[in-house]
Amino acid sequence: MSDVPTIEMRGISKSFPAVKALRGVSFTCSKGEVHALCGENGAGKSTLIKILSGVYRPDSGEVLIDGQEQHFKHPQEALLAGISVIYQEFSLLPERTVAQNLFLGREPTKNGLIDNKAMVAETQRVLGLFGVRHRIEPETLVADLDVASQQMVEIAKAISLNAKVIVMDEPTAALNEAECEVLFSLVDQLRASGTAIVYITHRMREVTRLANRVTVIKDGEVTASFDHVPAPDVIVRAMVGRDISEYYPEPATASEIGPVVLSVSGGGNAALRDINLELRSGEIVGFAGLQGAGRTPLAMALFGAAPFTSGTMTLDGKAVHLTSPRDAIRAGIGMLPGDRKAQALFLMQSVRDNGMLTARSFAGIFGGHRANRFTDLNGMNALLDQMKVRAPSYEQEMRFLSGGNQQKAIVARWLALRPKVLIFIEPTRGIDVDAKASIYHLMRDLARAGTAVMMVSSDLPEILGASDRIVVMREGRIAGEFGRSATEAELMLAATGETGVAA
Amino acid sequence: MSAQSLPQPTAATRRLPRINPVYVLVVALILAIIVMNPAFGEPTGYMNFLKRVTALAILSAGALYVIVSGGFDLSVGSIMTLTVIGSSMLASNDPNSTYWIIPLMLGIGAVIGLINGLVVSYLKVPSLIATLGMMITLNGVAFMWSGGAPRGYLPDTFRFFGRYNITDIPVISLLPIAVICLVVFGVILWWGMHRTNFGRMLHAVGDNQQAARLAGVPVERVRISAFVVSALTAVLAGVILGGRAGVSVDIGSGFELQAITAAVIGGAQLLGGRGSVPATIAGALALEAIFTLLNLLGLAQPVRLVVQGLILIGAVAFATYQRKRAGR
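Residue numbers restart at each chain and count upward from 1, following the sequence in its written direction. Labels are handed out in written order, letters beginning with A for the chains and numbers beginning with 1 for the ligands. Local features in this predicted model are restricted to residues of pLDDT 70 or higher, and side-chain atom pairs are both shown and tallied only at a pLDDT of 80 or more, whereas totals for entire chains, interfaces and linings draw on every residue. Side-chain metrics in this entry use all non-hydrogen atoms of the structure; hydrogen atoms and water are not considered.

Let's shift gears to the interface of chain A and chain B. The interface is formed by 41 residues belonging to chain A together with 37 residues belonging to chain B. Summed over both partners, buried area is the accessible surface (1.4 Å probe) that two parts give up on being assembled. Taking both sides of the interface into account, the surface hidden between chain A and chain B amounts to around 3,300 Å²; carbon and sulfur atoms contribute 55%. For the chain A face of the interface with chain B, the top three residues by lost area are M348, I365 and R399 of chain A, together amounting to 18%. In the sections that follow, a salt bridge refers to a side-chain nitrogen of Lys or Arg positioned within 4 Å of a carboxyl oxygen of Asp or Glu. The interface formed by chain A and chain B includes two salt bridges. One salt bridge connects R200 of chain B with D353 of chain A, and the closest N-O pair in it is separated by 2.6 Å. The secondary structure listing takes helices from DSSP runs of H or I that are at least 4 residues long and strands from runs of E that are at least 2 residues long, numbered from the N terminus. Among the elements of the structure, α10 (325-331), α11 (340-343), α12 (351-361) and α14 (403-415) of chain A are those that each provide at least two residues to the side of chain A that touches chain B. Here the side of chain A that touches chain B takes five residues from α12 of chain A, the largest share from any one element. Residues are grouped as follows: Ala, Val, Leu, Ile, Met, Phe, Trp, Tyr, Cys and Pro are nonpolar; Asp, Glu, Lys and Arg are charged; all remaining types, including Gly, are polar. Its residues assigned to classes, the side of chain A that touches chain B shows 21 nonpolar, ten polar and ten charged. Should any heavy atoms of two residues lie within 4.5 Å, those residues are considered in contact.

Right, dumping it as structure tokens:
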């Protein structure tokens, strides 16, 4: 290993409007090592990588490549300097061949025409370098490859660009066990051949298996940096160790928690297996887990949008079979989606129309728009007032409201129907701190009024602060259940499958 | 985010209801016509103008249902043609036939709308393509039915709606039946779009289909109903147009694009979620007024097409620009 690190980032800071994304972050990675970069969602990992790869420019701090200071103005410049980033979403063109993708934008030419032979030969050589020549044919369409092979093509592309640094952003997110093994041995080979590898993950197993060094960022700052790989729970603690703010409402008392409203036994579908679950009136149950652990699919199954294909579900003790959101709403289940803009908001319609919509959908189709059996215009105004939706007028189009106020208006939409079960997915994503607190209090008020509240969240402090009971999911199953006295480290370990270490 | 960061409408914009520019446009165009041709200010002038615009106005207001729900209906012109040709073939000059022909044509229209809606909702064919296919098919059917040349006549009982005027009325002196139709169907379509749950759901589906589904809107039923409304108004427009202009083999051609143009002039959002029935009717009036002006200026049919095309592009560009200025 040489003395000069291949990449060195010193004191990097970056702000976005209203958010300080990074504060004085330093990070180095040398030839022939794997440096794991760990942190929760939104900790600032992606921002750091985007600065390294020239997508963003830092407000302060410097980036050095092989000891030379660099000011990338465009990702292409970073690429030419030898930095390749493999994002979770691939940048391959699916309707082109592997070889065409490898040489996209720099096709070899002969007499002014593309030299296909040279392209295929070079592709074969690169694929041969890491022994996947038999797995991937240069002239296969990328769309015909499985996800793991597509990832290898991405890596092959990086190698053929003579990348000095390869950044992998949660590369195993879409891979199965066997594919992960292939990837790991590929990473080993790249390390042996002298590439510097930045490996972003929050799975402790991968850190233990692959990393030489570990850096943890949280809330835009480096909270821990190790020149060796410490025990998983040490890393996990560094990832989550922050104080629970006081803005969470009081939890439910034993007498407030009522009977079981919704239960599932043996529920499963393409994304879920062996789901056994009970939601009680008066209780807020938090669902924690990593991306892809099956929390949103579970919510969608309960809401009938992606129904269970096996198992049974009961509501108030009666068996129900919900195959559409309309079924679920009729049965008394409501849901607030995580991606509000795509799944919940009608930006061109008024705040009040947004609130009234579900009630109108279940009233007569040619019934008047002012009143129906659930609510009327005055009733909706009162609900919006009660939710403390801040808008110059409820006639205002939804697009002019802030995220928190939009969320509260959608809560009003469900309140009009008085659901028995209300599912919140990422209820405070993209919402400022003040509005967050009011959403928590609102959930608690709903629970006190007898609703069974399910909250899916990727924000562990929020899970711990707002829930009465916590369910952790992993790989489509329920991996564990905790009381509200659980620690973030316990939840994280259950979510990453390292329960053995915690016990 | 605090309240200060919300875009607060100033006191002035809040107090003044924002007037849709299409109404200003209609008034300006009509004043221009009166200046060029004072006879237009007489009842026979403007009543005939309204009579001429009725078919397009009703058609546009119906097509708006599909536009607001986030689709296009290109089949409406061919439904008008089919209505006129079919009615003339079936009538065989029997004045009593009107009483069963119009309900039959409405039934055929409803079936066509239903097919459009089912193909778009369940076979997931984009509405532009599905209704283009329907348009070609129906033009073919009308052509086969008539044998390529208009045969038969529409009885006077049928032509009553498009042609007949009530005369000797004080102040306005004459009132075409067509204008009564315009008012009656205009009010019905306004009520459906702006005063019912159906109308609100149409807006929601056109604004964000996925969110509508997750909010419990019966998305398929709403979209199919929009196509049925559009097809039914096309039959009504066909009855009125046939009554006014008589039978010809391509009588409805071009109306589908005029209807979309009228809706756009009236401020409808082309990809759905926003649109007003009164403003669309005003859009139809504006379009017809422009054609009248071009006529008065002595410009021929080809110029009319050029102008219509430019208006369509211009209206969308104007709306986009306004929205951008308004903050998004």
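More follows now that the structure is in view.
Quick look at the environment of Q150 of chain A now. Residue and element names in this part refer to chain A. Relative to the elements of secondary structure, Q150 occurs in helix α5 (residues 147-160). Separated by 136 residues in sequence, Q150 and K14 have C-alpha atoms that sit 32 Å apart. Polar contacts, as used here, are pairs of N or O atoms within 3.5 Å; protein pairs need one atom able to donate a hydrogen and one able to accept it. Residues neighboring in sequence count only if both atoms are side-chain atoms. Within the structure, the side chain of Q150 is placed 3.3 Å from the backbone oxygen of L145, a separation counted as a polar contact.

Turning to helix α5 (residues 98-122) of chain B, a few remarks are in order. Residue and element names in this part refer to chain B. One less than the residue count of a helix, multiplied by 1.5 Å, gives the span that helix is expected to have. Over its 25 residues, α5 runs 35 Å from end to end, which matches the ideal 36 Å to within 8%, given 1.5 Å per residue. Think of it in three bands: residues with accessible area under 20% of the maximum for their type are buried, residues over 50% are exposed, and the middle band is partly exposed, with areas taken using a 1.4 Å probe on protein chains only. All of the buried residues in α5 are T98, I101, I102, M105, G109, I112, G113, N116, G117, V120 and S121. Buried residues in α5 make contact with α4 (76-91), α6 (127-146), α7 (156-163) and α11 (219-245). Looking one or two places after α5, you find K124, whose phi comes out positive at around 60 degrees.

Residues and elements named next belong to chain B. Every axis in this analysis is a line fitted to C-alpha atoms, fitted for helices over the stretch in contact. Angles between the N-to-C directions lie between 0 and 180 degrees. As a packed pair, helix α2 (residues 21-36) and helix α13 (residues 277-296) sit with axes 9 Å apart at the nearest point and diverge in direction by 25 degrees. Looking at the two axes, α2 sits roughly parallel to α13. Considering only the axes of α2 and α13, their crossing is left-handed. Of α13, the residues touching α2 (which contributes V22, Y23, L25, V26, L29, A32, I33 and M36) are P278, A279, A282, G283, L285, A286, A289, I290, T292, L293 and L296. Across the contact of α2 with α13, the residue classes tally to 17 nonpolar, two polar and no charged. Oblique is the label for any angle not under 35 degrees, not over 145, and not in the 65 to 115 range, which are roughly parallel, roughly antiparallel and roughly perpendicular in turn. Put simply, a crossing is left-handed when the front helix is turned counterclockwise from the back one by less than a right angle, and right-handed when it is turned clockwise.

With that settled, consider the packing of aromatic side chains. What describes a pair of aromatic rings is the distance from one ring centre to the other and the angle between the planes of the rings. Geometry of aromatic contacts follows a simple scheme: Phe, Tyr and Trp rings, the Trp one being its six-membered ring, pair when their centres are within 6.5 Å, and the pair is stacked under 30 degrees between planes, edge-to-face over 60, tilted otherwise. Evaluated as defined, the whole model comprises eight aromatic pairs over all chains. Considering the side-chain rings of F303 of chain A and W414 of chain A, the 6.0 Å spacing of their centres and the 85 degrees angle between planes classify their relative orientation as edge-to-face. Taken together, the residues span a long stretch of sequence, with F303 of chain A in the loop between α9 (295-302) and β16 (310-315) and W414 of chain A in helix α14 at a distance of 111 residues. For the pair formed by F303 of chain A and W414 of chain A, the shared burial category is buried. When the ring of F160 of chain B is compared with that of F161 of chain B, the centres are 5.4 Å apart and the planes differ by 80 degrees; the resulting orientation is edge-to-face. Through a chain of ring-to-ring contacts, the aromatic side chains of F366 of chain A together with Y65, W191 and F198 of chain B assemble into a single cluster. Two thresholds decide whether a charge sits over a ring: the Lys NZ or Arg CZ must be within 6 Å of the ring centre and within 35 degrees of the ring normal. Of note, R304 of chain B hangs over the ring of F291 of chain B, and the distance from its end group to the ring centre comes to 4.0 Å.

The next subject is unusual backbone geometry. All names here are of chain A. With a phi angle near 50 degrees, D274 is a residue other than glycine that sits in the positive phi range. You can see D274 is positioned in strand β14 (residues 272-280). Despite not being glycine, E475 shows a phi value in the positive range, around 50 degrees. With respect to the helices and strands, E475 occurs in the loop between β21 (469-474) and β22 (477-483). The exposure class assigned to E475 is exposed, which follows from its relative accessible area of 56%.

Residues and elements named next belong to chain B. UniProt positions are given in the numbering used here, feature names are shortened, and annotations may be inferred rather than shown by experiment. Residues given the UniProt feature "transmembrane region" (unreviewed entry) here are residues 22-41, 53-80, 100-121, 128-149, 169-191, 222-243, 279-299 and 305-321. The distance separating the terminal C-alpha atoms of residues 128-149 is 29 Å; by composition the span is 86% helix and 0% strand. Secondary structure across residues 169-191 comprises 65% helix and 22% strand; the distance between its end C-alpha atoms is 29 Å.

Turning next to the sheet that holds β21 of chain A. Residue and element names in this part refer to chain A. Pairing within the open sheet is mixed, and its six strands lie in the order β18-β19-β20-β15-β21-β22. Each having just a single partner strand, β18 (333-336) and β22 make up the two edges of the open sheet. Each strand of the sheet is rotated relative to its neighbour by a mean of 20 degrees, with strand direction disregarded. Strands were regarded as paired on the criterion that DSSP finds at least two bridges between them. Looking at chain direction, strand β19 (residues 421-425) and strand β20 (residues 452-456) are connected through five bridges and run parallel. Note that in β20 the partner of F424 across the bridge is M455. α14 rests against β18 and β19 of the sheet, and its axis sits at about 170 degrees to β18. Where helix α17 (residues 488-496) meets the sheet, its contacts fall on β15 (284-289), β21 and β22, and the angle it forms with β21 comes to roughly 30 degrees.

As a further point, take the state of the cysteines. Residues and elements named next belong to chain A. Note on disulfides: each one is a pair of cysteine sulfur atoms within 2.5 Å. Counted according to the given criterion, the structure contains zero disulfides over all chains. Its sulfur unpaired, C29 is 13 Å from the next cysteine sulfur, which belongs to C38. C29 gets classed as buried once you look at its relative accessible area, which sits at 0%. Judged by relative accessible area, which is 0%, C38 ranks as buried.

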